[in-house]
Amino acid sequence: MQFAIVARGDARSADIAQELTNKLTEAGHSVSKEPRIVVSVGGDGTMLQAFHEYIDRLDQTLLVGIHTGHLGFYADWQPDELDELTEMITSESFEPVSYPLVEVLIDYEDGTTDRQLAMNECTIKNYKRTLVCDLSIRDDYFETFRGDGLCISTPSGSTAYNKALGGAIVHPSIEAIQVTEMASINNLVYRTIGSPLLLPKHHQVKIAPHTKTEFELAFDHQEALSWSNVRSIRCAVAKEKVTFARFRPFPFWRRVRESFIEEGK
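Being a predicted model, the structure only gives us computed values, none of them experimental. (Residues numbered from 1 in each chain as written. Predicted model: local features only at pLDDT ≥ 70, side-chain atom pairs only at ≥ 80, totals over all residues. Heavy atoms only, no water.)

Lay out the UniProt feature "binding site: NAD(+)" (unreviewed entry) in the chain in plain terms, naming residues and giving numbers.
According to UniProt, the feature "binding site: NAD(+)" (unreviewed entry) maps to D44, G45, N120, E121, R146, D148, A183 and Q222 in the numbering used here. These annotated residues cover 179 residues of sequence, and their C-alpha atoms reach 31.0 Å apart at the extreme, placing them across more than a single site. Structurally, D44 is set in helix α2 (residues 44-53). Ignoring sequence-local partners within four residues, the contact set of D44 consists of G72, F73, Y74 and A75. Relative to the helices and strands, D148 is located in strand β9 (residues 140-153). Using a relative accessible area of 49% as the deciding quantity, one classes D148 as partly exposed. The contact partners of D148, leaving out residues within four places of it in the chain, are I124, K125, N126, L131, M182 and A183. (UniProt positions renumbered as here; feature names shortened; annotations may be inferred. Helix = DSSP H or I, 4+ residues; strand = E, 2+ residues; numbered from the N terminus. Contact = heavy atoms within 4.5 Å. Buried < 20%, exposed > 50% of the residue type's maximum accessible area, 1.4 Å probe, protein only.)

See the structure below:
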């Protein structure tokens with residue numbers, strides 16, 4: 001099987017990546033730029049890096065995570081389990097598990113559109129002034145938002161920035177996106193819903209800014225970029241999905257408990 005490894009930039013992760021490369025190569029697999037399996041060695045940030053690095057091969061590539069720090073939501077394997085992982089990859093003893101992504105369409109004043117995908121979330125901010133924008137759902141006006149920004153997350157990303165903003169934790173089997181406010185302004189003059197919105201896959205949220213200033217858009221772990229001359233930003237569940245190679249059961253709610261409530265026993 002053809003494989004690739006994406007490692008976090010620390011010495012320990014690099015050593016583990018090299019050790020796994022040796023084991024997989026000895027087992028008859030080969031390193032490739034067009035891999036069937038991509039192994040992330042690090043944390044959830046490394047997994048997001050791997051996702052974006054191979055975003056053009058989502059229908060052909062399976063992701064696997066080895067965590068070298070705290071337990072992550074995308075990493076199932078420990079560094080001391082490389083022999084077992086090599087054996088399971090060799091025997092193809094895995095089940096593909098797919099999670100929804102968020103599609104972000106950025107419409108410009110000149111009529112062109114840019115398309116982005118995110119595995120965790122897209123965030124929209126305006127660092128120079130308060131973000132003011134109209135939100136429409138299925139082309140039906142919903143509210144005018146005023147505040148620091150908005151976070152549009154996937155179910156698998158609902159435990160990340162979305163949770164820090166007070167959003168709900170959503171099981172990744174649910175095909176939906178979540179819109180969560182960042183420090184919205186609510187008073188006698190301005191009013192928003194003030195609660196996260198969970199939208200099913202056939203619903204699209206359209207965000208239309210009131211001013212033509214630059215906006216900061218960030219997708220997953222990537223650095224926020226400035227976007228100007230934006231007419232609207234449309235977000236929905238993408239037709240593509242990200243697929244993981246699941247070699248053994250690791251229930252989602254157990255991950256939630258061990259990450260936020262109590263350490264695994």
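Next comes the rest of the account.
Which residues make up the pairing of strand β5 (residues 95-108), and what values do they have?
Taking burial as the measure, the 14 residues of β5 include 11 buried ones, the bulk of the element. With 13 bridges connecting them, β5 and strand β15 (residues 230-246) associate as antiparallel partners. Within β15, the residue paired with P96 across the bridge is A245. Sheet topology note: the β5/strand β6 (residues 113-118) ladder contains 6 bridges and is antiparallel. Directly across from D107, in β6, lies its bridge partner T113. Connecting β5 to the next strand, β6, in antiparallel fashion are 4 residues, including G111 with a positive phi near 95°. (Pairing = 2+ DSSP bridges.)

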